[in-house]
Amino acid sequence: MSLITGLTRGGKAWTPAFVTAVNEETCIGCGRCFKVCPRNVFDLEEREPDDDDDSDDVRSVMVIADASDCIGCGSCARVCPKNCHTHEPQALLA
Ligand code: SF4
Ligand code: SF4
């Protein structure tokens, strides 16, 4: 199975790891990943409190709005204070 790979400016191959999930349980809605992402991958959504929540406040969580726009740069994971993102290499589509 071949993976999607890129080249550095110096011509070295590297394998991007694309975002596949954001953990809504740990996300605090700080917006850092949204700001740092160079593509239009994320969106902030509101969640109504459920029975398990300590607070009655509506909370904001980051979601993946368009995974297909991710270039696998990894910036979102580097700025997230809660390690919410999961990344994986992607198989090259035929
Ligand atoms: S890996 Fe890069 S392009 Fe992909 S979602 Fe994270 S910041 Fe955006
Ligand atoms: S940086 Fe992390 S905690 Fe902040 S909004 Fe993004 S996923 Fe949520």
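The following refers to the structure shown. (Residues numbered from 1 in each chain as written. Chains lettered and ligands numbered in written order. Predicted model: local features only at pLDDT ≥ 70, side-chain atom pairs only at ≥ 80, totals over all residues. Heavy atoms only, no water.)

**As for the overall build of the protein chain**
Helix and strand content of the protein chain: 2 helices and 6 strands. Reading the protein chain from its N terminus to its C terminus gives the helix and strand order β-β-β-α-β-β-α-β. For the protein chain, the C-alpha radius of gyration of 16 Å lies well beyond 12 Å, the compact-globule estimate for 94 residues. For the C-alpha atoms alone, the extent of the protein chain along its principal axes is close to 50 × 25 × 20 Å. The 94 residues of the protein chain split such that 24% are buried. (Helix = DSSP H or I, 4+ residues; strand = E, 2+ residues; numbered from the N terminus. Rg over C-alpha atoms; globule rule 2.2 N^0.38 Å. Buried < 20%, exposed > 50% of the residue type's maximum accessible area, 1.4 Å probe, protein only.)

**Considering the environment of Gly 6**
With respect to the helices and strands, the residue Gly 6 is situated in strand S1 (residues 6-7). Taking the relative accessible area as the measure of exposure, Gly 6 reaches 18% and is therefore buried. Counting along the chain gives 76 residues from Gly 6 to Lys 82, while the straight-line C-alpha distance between them is 28 Å. When residues no more than four places from it in sequence are discounted, the contact partners of Gly 6 are Lys 12, Ala 13, Trp 14 and Pro 16. (Contact = heavy atoms within 4.5 Å.)

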